[in-house]
Amino acid sequence: TTVVTTLYFGQALIGATQVSSGTPLHLRVLHALTAVSLWIGLAALAYVSVARAPAPVDYPAVGFRPRFKDFLALTKPVVVLLLLATTITVLVAGRGGWPPFDLALWTLLGGALAAGGSSALNQFIDRDLDKNMQRTEKRPIPAGRMFPAEGLAFALALCLASYYVLASLVNFVAALLSLAGIIYYVWIYSLWLKKATVQNIVIGGGAGAIPPMVGWAAATGRIDLVSILLFALVFFWT
C-alpha cells in the first residue's frame, strides 16, 4: 500500500513537472514506467487483500513522539547529515558560488531521502543480525518496537520518493547517480559484502562517496573527471 501510494504521488509530480517545464525524454519514460508499475501494484494489492488477507494484528499503543523517533532512527540521521555536507559543498563548488535556493533544496531533500531510505533498508536486511550486537540490538526492528514490514515500507517509500524528487526537480544525471548509490549500499554492501568479507566497509565505502558526484551533477548536469576525483577522495578517505 505504501509503495502504491508513493508511485501515485510520484506520477503526479512528474506530470506537474512536464506541464510546467517541458517533457524531456527521461521524464516521459519515467511517466510511462510509473503508470505501468502503479497499475501492477494496484492489481497485486487487490489480489493480496482478497485472496491472502492476513490475520488481524494487535498493534502496540505507542505515542506519536516515540514512533517518530523510531522512524527517524531508521534513517541514521547523523550519517545523512554527513553525506549532505559533502553534497552541498560540491554543489557550491560546481556552481562557482551559492546555488539557487530551489536547486539546493531539492538536491538536499532528494539526497536525504535516498540516504535515509538506504539506511532503513539496511536495518531491515540486518534485523536478525542486529539482535546479536549490543550496539545494534536496541534499533527499532530488532528491539520489537516496529514490525519488519513497517520498516521495509518506510524504506521503499523514501527510496522511490528520492528518485522522483531528483529526476523531476533537479536533473536526470543526479537522479541516476543517487539510484546507483542506493543499489550500491543495499545490494553490494548490505546483501553481499557484509556477509562475504571483513573488507566490506572498505569496498562498501563507495556508496558514501557517491553524494559528492550527485552534488556535482546537480550543479553541472554531467559526470566528468572532477566528479570522479571527488568520488575517489571520499572513497580513499573512508
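Scroll up to find the structure.
Rules and cut-offs
Residues numbered from 1 in each chain as written. Predicted model: local features only at pLDDT ≥ 70, side-chain atom pairs only at ≥ 80, totals over all residues. Heavy atoms only, no water. Phe/Tyr/Trp six-rings, centres within 6.5 Å; stacked < 30°, edge-to-face > 60°. Helix = DSSP H or I, 4+ residues; strand = E, 2+ residues; numbered from the N terminus. Buried < 20%, exposed > 50% of the residue type's maximum accessible area, 1.4 Å probe, protein only. Contact = heavy atoms within 4.5 Å. Patch = residues over 30% accessible without salt bridge, like charges linked within 9 Å, V, L, I, M, F, W, Y side chains within 5 Å. Areas by Shrake-Rupley, 256 points an atom, 1.4 Å probe, with all protein chains shown as cover. Salt bridge = Lys/Arg side-chain N within 4 Å of Asp/Glu carboxyl O. Polar contact = N/O pair within 3.5 Å; in protein donor to acceptor, adjacent residues only side chain to side chain. Axes fitted to C-alpha atoms, helices over the stretch in contact; angles between N-to-C directions. Parallel < 35°, antiparallel > 145°, perpendicular 65-115°, else oblique. Nonpolar A, V, L, I, M, F, W, Y, C, P; charged D, E, K, R; others polar. Left-handed = near helix turned anticlockwise from the far one by under 90°. Core = buried A, V, L, I, M, F, W, Y, C linked by side-chain atoms within 4.5 Å. Expected span 1.5 Å × (residues − 1).

**Student:** How do you make sense of the packing of aromatic side chains when you look at a structure like this?
**Tutor:** Each aromatic ring pair is described using two quantities: the centre-to-centre distance and the angle formed by the ring planes. Within the structure shown, the criterion is met by six aromatic pairs. Their ring planes at 10° and their centres at 6.1 Å tell us that Phe-231 and Phe-235 sit as a pair that is stacked. With Phe-231 and Phe-235 both in helix H10 (residues 225-237) and four residues apart, this pair spans about one turn of that helix. Judged by relative accessible area, Phe-235 falls into the partly exposed class, the value being 22%.

**Student:** Whenever I open this one, the side chain of Asn-122 confuses me. Can you help?
**Tutor:** Here Asn-122 shows up in helix H5 (residues 101-125). Residues within four places of Asn-122 in sequence aside, it is in contact with Lys-76, Tyr-185, Tyr-189, Ser-190 and Lys-194.

**Student:** Explain the environment of Leu-13 here, please?
**Tutor:** The residue Leu-13 is located in helix H1 (residues 2-21) in this model. Spatially, the C-alpha atom of Leu-13 lies 15 Å from that of Leu-109, the residues being 96 residues apart in sequence.

**Student:** What is the right way to look at a nonpolar patch on the surface in this model?
**Tutor:** A cluster of nonpolar side chains, Phe-172, Leu-176, Leu-179, Ile-183, Trp-187 and Leu-191, forms an exposed patch at the surface whose accessible area comes to about 540 Å². Within the secondary structure layout, Phe-172 lies in helix H7 (residues 172-192). Phe-172 sits in the partly exposed class, given a relative accessible area of 34%.

**Student:** What should I look at first to understand the side chain of Ser-168 in this one?
**Tutor:** Relative to the elements of secondary structure, Ser-168 occurs in helix H6 (residues 148-169). Separated by 2.9 Å, the side chain of Ser-168 and the backbone oxygen of Tyr-164 make a polar contact. Apart from residues lying up to four places away in sequence, Ser-168 is in contact with Leu-13, Ile-14, Thr-17 and Leu-27.

**Student:** Even after reading the chapter, I still don't get the packing of H1 against H6, so can you show me in this structure?
**Tutor:** Any two packed helices are characterised by how steeply their axes cross, that is the angle between the axes, and by the distance between the axes. Closest axis-to-axis distance for the H1/H6 pair is 9 Å, and the angle between their directions is 5°. Considering their axes alone, H1 and H6 lie roughly parallel with respect to each other. Every residue of H6 that contacts H1 at Thr-2, Val-3, Thr-6, Leu-7, Gly-10, Leu-13, Ile-14 and Thr-17 is listed here: Ala-153, Leu-156, Ala-157, Leu-160, Ala-161, Tyr-164, Val-165, Ser-168 and Leu-169. For the contact of H1 with H6, a count of residues per class yields 12 nonpolar, five polar and no charged.

**Student:** What's the story with the pattern of salt bridges in this structure? I'm lost.
**Tutor:** Between side chains of opposite charge, a pair can form when the charged atoms approach closely. Tallying each qualifying case throughout the model produces seven salt bridges. A salt bridge links Arg-145 to Asp-70, with the nearest nitrogen and oxygen atoms 3.0 Å apart. Placement of Arg-145 in the loop between H5 and H6 and of Asp-70 in helix H3 (residues 64-74) is noted, with a sequence separation of 75 residues between them. Overall, the relative accessible area of 8% leaves Asp-70 in the buried class. Put simply, Arg-222 and Asp-224 hold a salt bridge, and the shortest N to O gap is 2.9 Å.

**Student:** Please clarify how the packing of helix H8 (residues 200-208) against H10 should be interpreted in this entry.
**Tutor:** At a minimum axis distance of 8 Å, the contact between H8 and H10 shows a crossing angle of 140°. Considering the angle they form, H8 stands oblique to H10. In this structure, H8 crosses over H10, and the sense of that crossing is right-handed. Taking contact as the criterion, the partners of Val-202, Ile-203, Gly-205, Gly-206 and Gly-208 in H8 are, on H10, Phe-231, Val-234 and Phe-235. Split by residue class, the contact of H8 with H10 holds five nonpolar, three polar and no charged.

**Student:** Help me understand the nonpolar core, please; the structure alone is not making it clear to me.
**Tutor:** As a rule of thumb, soluble globular proteins bury nonpolar side chains together. Counting residues in hydrophobic clusters, the biggest one holds 27 residues, and the most contacted among them are Leu-30, Leu-91, Val-170 and Leu-177. Counting residues per element, the ones that place at least two in this core are H1, helix H2 (25-51), H5, H6, H7 and helix H9 (211-220). The biggest single contributor to this core is H7, with six residues. Those residues in contact with Leu-30 that sit more than four places away from it in its chain are Ile-14, Tyr-163, Tyr-164 and Ala-167. Ranked by size, the runner-up nonpolar core spans 11 residues in total, among them Ala-114, Leu-121, Ile-182 and Val-186.

**Student:** Teacher, can you tell me more about unusual backbone geometry here?
**Tutor:** Across residues other than glycine, the phi torsion is negative in most instances, and most of the peptide bonds are trans. Not every positive phi belongs to a glycine, and Lys-76 is a case in point at roughly 50°. Looking at the secondary structure, you find Lys-76 in the loop between H3 and helix H4 (77-95).

**Student:** Quick question: what am I supposed to make of H10 here?
**Tutor:** Since the α-helix advances by 3.6 residues per turn, residues separated by three or four positions end up pointing in the same direction. End to end, H10 covers 18 Å across 13 residues, agreeing with the expected 18 Å (1.5 Å per residue, within 8%). Where H10 starts, the residue carrying a side-chain oxygen 3.2 Å from the main-chain nitrogen of Val-226 turns out to be Asp-224.

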